[in-house]
Amino acid sequence: MPGRRPRRRPVTLLAPTLALAAAVACSPTPTPQPESAPPHRPTGVGLVDESPFWVDPQSDAARQVTAWEAQGRNSDAQVLRRIADRPMALWGPAGDPGPEIRRAGAGARKAGRTLVLVAYNIPYRDCGQHSAGGAKDATAYRSWIGAFADNIADTKALVVLEPDAVPHLVDGCTQAGHRDERLRLLSEAVDRLKHNKNTRVYLDAGNPAWIPDPKKLVAPLYAAGLDRADGFALNVSNFQPSTGAREYGAALSRAAKGKHFVIDTSRNGDGPLRGDRAQAWCNPPGRALGTPPTDGTGDPLVDAYLWVKRPGESDGTCRGGPPAGTWWPDYALGLARRSTD
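What you see is a predicted model; the values in this text were computed from it and never measured.

Among the five residues of strand S6 (residues 260-264), four are classified as buried, and the element is accordingly described as predominantly covered. With four bridges connecting them, strand S5 (residues 231-234) and S6 associate as parallel partners. In the strand pairing of S6, Gly231 is matched with His260. For the segment spanning S5, helix H8 (residues 242-255) and S6, crossover handedness is right-handed.

Written out as structure tokens, the structure is:
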């Protein structure tokens, strides 16, 4: 992307305990491709969620539905259920991740569902750009990821590990002096999370428009612990069509000893924005929800379609949006209205 590569942004939710969900690094955008029909359909009031993943009843979308129903905005509330009634990833708070993970874990266990989590706190995160931050040093990160894993305990969980961290090693964004430490921390994080008998771990591998040659990701992914992880994650917080992500993932899988992958479909229902490459990552207009979360992907290499990015959270103050990560009801409603489910 001319000038600089867009980055993921950190999240501050309306609920004080939901401290971090982020948008993602974006790259030059190819022509979008049509999506296959989502597997779930509206039925009666709300939706029937057939996925194995946990739906958070305290999400911003769920609270917005309640607020709009109280105001008599029943039609808008019903449309927004396309988000509120479906599972989204919980991004572990950067301070103490324990309380939120325990809350969500209890809900997931009670419902007999799998909790989807994102660990996003690596030092020197995002190369000082939109989502700058992360743990202050390696010691702090080890403590944080330890608490993250401890509080998952035996809950059935799927963790997307450190969005952007490996692709930034490939695109040159991460400074040379931080590379070896980052790979060690990622590898240790994989091991720590996999101590939990019911936790699956997927290392982030960017998106097809970011690192065009997937073979460049293989060596750093394995140095980061891919051999002990369950696979890799693609398109986190991005808009690339699932068709392209599947093709890209298959190519990466062939080069990575057959590893499986998951795809973020939260906002890729109409592909990426065309004609504005510089700001295609930031609250692009006209986008739509993608395939709802499911492990029934019909592709033996794709373990799940997930909503890793929480639909309706702003990418930043561009295009009239609130600060990055803030719940934006109007944008959420647009995503839901344009979805085909």
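Before going further, it helps to spend a moment on the packing of aromatic side chains. Taken as a whole and assessed by the stated rule, the structure comprises five aromatic pairs. Measuring from ring centre to ring centre gives 5.2 Å for Phe232 and Phe261, while their planes differ by 15°; the resulting arrangement is stacked. You can see Phe232 sitting in strand S5 and its partner Phe261 sitting in strand S6, a full 29 residues away along the chain. Here the aromatic cluster, defined as three or more aromatic residues joined through ring pairs, consists of Tyr141, Trp144 and Phe148. Across the ring face of Trp68, the terminal group of Arg73 is positioned such that the distance to the ring centre comes to 4.1 Å. Note that Arg125 overlies the ring of Tyr120, its terminal NZ or CZ placed 4.4 Å from the centroid.

Another point: the packing of helix H7 (residues 215-223) against H8. Two elements in contact, H7 and H8, have axes whose closest approach is 9 Å; the angle formed by their N-to-C orientations is 55°. When the axes of H7 and H8 are compared, the pair comes out oblique. Judged by the twist between their axes, the crossing of H7 over H8 is right-handed. For the pair H7 and H8, contact is made by Lys215, Leu217, Val218 and Leu221 and by Tyr248, Leu252 and Ala255, respectively. A class-by-class count of the residues in the contact of H7 with H8 yields six nonpolar, no polar and one charged.

This part takes up the environment of Ala106. Note on placement: Ala106 falls in helix H3 (residues 98-111). Judged by relative accessible area, which is 38%, Ala106 ranks as partly exposed. Along the chain, Ala106 and Ile152 lie 46 residues apart, while their C-alpha atoms are 9.6 Å from each other.

Thresholds applied
Residues numbered from 1 in each chain as written. Predicted model: local features only at pLDDT ≥ 70, side-chain atom pairs only at ≥ 80, totals over all residues. Heavy atoms only, no water. Buried < 20%, exposed > 50% of the residue type's maximum accessible area, 1.4 Å probe, protein only. Helix = DSSP H or I, 4+ residues; strand = E, 2+ residues; numbered from the N terminus. Pairing = 2+ DSSP bridges. Right-handed = clockwise from strand over helix to strand, strands pointing away. Phe/Tyr/Trp six-rings, centres within 6.5 Å; stacked < 30°, edge-to-face > 60°. Lys NZ or Arg CZ within 6 Å of the ring centre and 35° of its normal. Axes fitted to C-alpha atoms, helices over the stretch in contact; angles between N-to-C directions. Parallel < 35°, antiparallel > 145°, perpendicular 65-115°, else oblique. Left-handed = near helix turned anticlockwise from the far one by under 90°. Contact = heavy atoms within 4.5 Å. Nonpolar A, V, L, I, M, F, W, Y, C, P; charged D, E, K, R; others polar.

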